[in-house]
Amino acid sequence: MDELLTKPAEAPTPRQILDEEWQRALDNPGETDEEMDSLMRDGTVAIRYGILTQLLGKIVNPEWSATCLKKGKSSTSDRWSPRGFCKKWVVPWAQDNENVIGTSPDPYVSNPMRKLQLDGNDESIKEEDKHSWRKFVSLMEAVETNNSSQYTRNQFQRCLKSVARIYRSTKQRYTLPTQISAEETNLIVHAFLAEDEGGFRHQAVTAAILRAFGQETGMFSRVDSLKINTADAARGTPGDALCYKSEALVLAAEVKDRTISIVDLESTFEKVRQSETNTLLLLTRKIQDPATKARIEGEFQRGIDTREASVEEIVRVAIALASEQCRIKFLKEVGKEIDEKAPSPKHKKAWSNALKQQPKP
């Protein structure tokens, strides 16, 4: 029993390290880093994969050389095979993350990466590419010179933060169906909303369905939506999505991924009273509290027409009435909302995965 209690924890796999640091980078990508950004935006896919692979390998085993490319005939502890390591760990990670650093299944196949050691002056490197290769080699040489696990980890985080900034600024290519049923559409939405910390996905779906259905039926000529993190700056705005007809505000939609509270309601009602519309759509989890229900009824008597439903209920009804063309437009509009307003790229991946799976009813 004592042996079990004192047994050291197993070391994380390279993929676990990569996934954990990637999530940190997505959550906090930091500011522009000109040196690393230029390398991670470089047109040479081997450099982008090479930086990430060499640094990850060095983290996994600090004895491995960051400038080594092959084991060769040497049996010293600093020799390893980055090419095999990359294909086993880094390529699958990239594929699972929308090929964020490139689509090559074997990035080390290019001539400059098939040497024993990194060399920025290799004759196989094109003259116009040598500047980038020298910067790449210099970075790896600095890692070896410092020979510090913390320094290596810092460079690894720099690399992933740079990739995260690029990923944030890239519009996703979502795989849209050419034909889809109402029930399949609802299942996609349900899968996307299943994990929604912060409520952004509910807001994106709301804006998209109001826009697609409103335009098809002529109910709305325009639907505007707010970024989820601009609520304080837009304190006077009566909802998360605003629906217009001939430039007149006709409906305000307030979206919560939880049950709305009395405090939330007081603020929302006040903003609606100061707006051009008296029609409020509350998209929230079902309200059970008698006091909250009474507050809504009381405000109706004072002139604010409040409709209550969940986001999935609104989508279900609208999709049941809409044409198939409208369903596809709705899915496209969700993607646009995500690309333009998502606070984190994880929402892009979640929507992409939901569309790819296209669960059958």
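Note that the coordinates shown come from a computational prediction; the quantities given were computed from them, not determined experimentally.

Criteria and thresholds
- Residues numbered from 1 in each chain as written.
- Predicted model: local features only at pLDDT ≥ 70, side-chain atom pairs only at ≥ 80, totals over all residues.
- Heavy atoms only, no water.
- Axes fitted to C-alpha atoms, helices over the stretch in contact; angles between N-to-C directions.
- Helix = DSSP H or I, 4+ residues; strand = E, 2+ residues; numbered from the N terminus.
- Left-handed = near helix turned anticlockwise from the far one by under 90°.
- Contact = heavy atoms within 4.5 Å.
- Nonpolar A, V, L, I, M, F, W, Y, C, P; charged D, E, K, R; others polar.
- Core = buried A, V, L, I, M, F, W, Y, C linked by side-chain atoms within 4.5 Å.
- Buried < 20%, exposed > 50% of the residue type's maximum accessible area, 1.4 Å probe, protein only.
- 1 Å grid on protein atoms, 1.4 Å probe; cavity = no way out; pocket = protein on both sides within 12 Å on 5 of 7 lines; lining within 4 Å.
- Points joined across faces, edges and corners; volume = space filled by probe spheres on them.

A. Quick peek at the packing of helix H4 (residues 45-60) against helix H7 (residues 149-169). Between H4 and H7, whose axes approach to 9 Å, the crossing angle comes to 145°. Crossing angle aside, the handedness with which H4 passes H7 is left-handed. Contacts from Ile51, Leu52, Leu55, Leu56, Lys58 and Ile59 of H4 reach H7 at Thr152, Arg153, Gln155, Phe156, Cys159 and Leu160. For the contact of H4 with H7, the per-class residue count stands at eight nonpolar, two polar and two charged.

B. Fine view of the nonpolar core. Counting residues in each nonpolar core, the largest one holds 46 residues, and the members touching the most others are Trp22, Ile51, Leu52, Trp93, Ile101, Phe136 and Phe156. Elements supplying a minimum of two residues to this core: helix H2 (14-27), helix H3 (34-40), H4, helix H5 (82-96), helix H6 (130-146) and H7. Element by element, the count of residues in this core is highest for H4, at eight residues. Counting 40 residues, the second-largest nonpolar core is a separate cluster that includes Ala253, Leu283, Ala318 and Leu331.

C. Here's a closer look at empty space enclosed by the protein. Per the counting criterion, the structure on display carries one cavity of 30 Å³ or more. The wall of the largest cavity is formed by Phe200, Gln203, Ala204, Ala207, Ser225, Leu226, Asp240, Ala241, Glu337 and Lys341. Contributing elements (two or more residues each) for the lining of the largest cavity: helix H9 (200-217) and helix H13 (324-341). Tallying contributions element by element places H9 first for the lining of the largest cavity, with four residues.

D. Representation of unusual backbone geometry. The backbone of asparagine 147 sits at a positive phi, close to 50°, despite the residue not being glycine. In this fold, asparagine 147 is placed in the loop between H6 and H7. Backbone geometry places glutamate 247, a non-glycine residue, at a positive phi of 70°. You can see glutamate 247 is positioned in the loop between strand E2 (241-245) and strand E3 (248-255).

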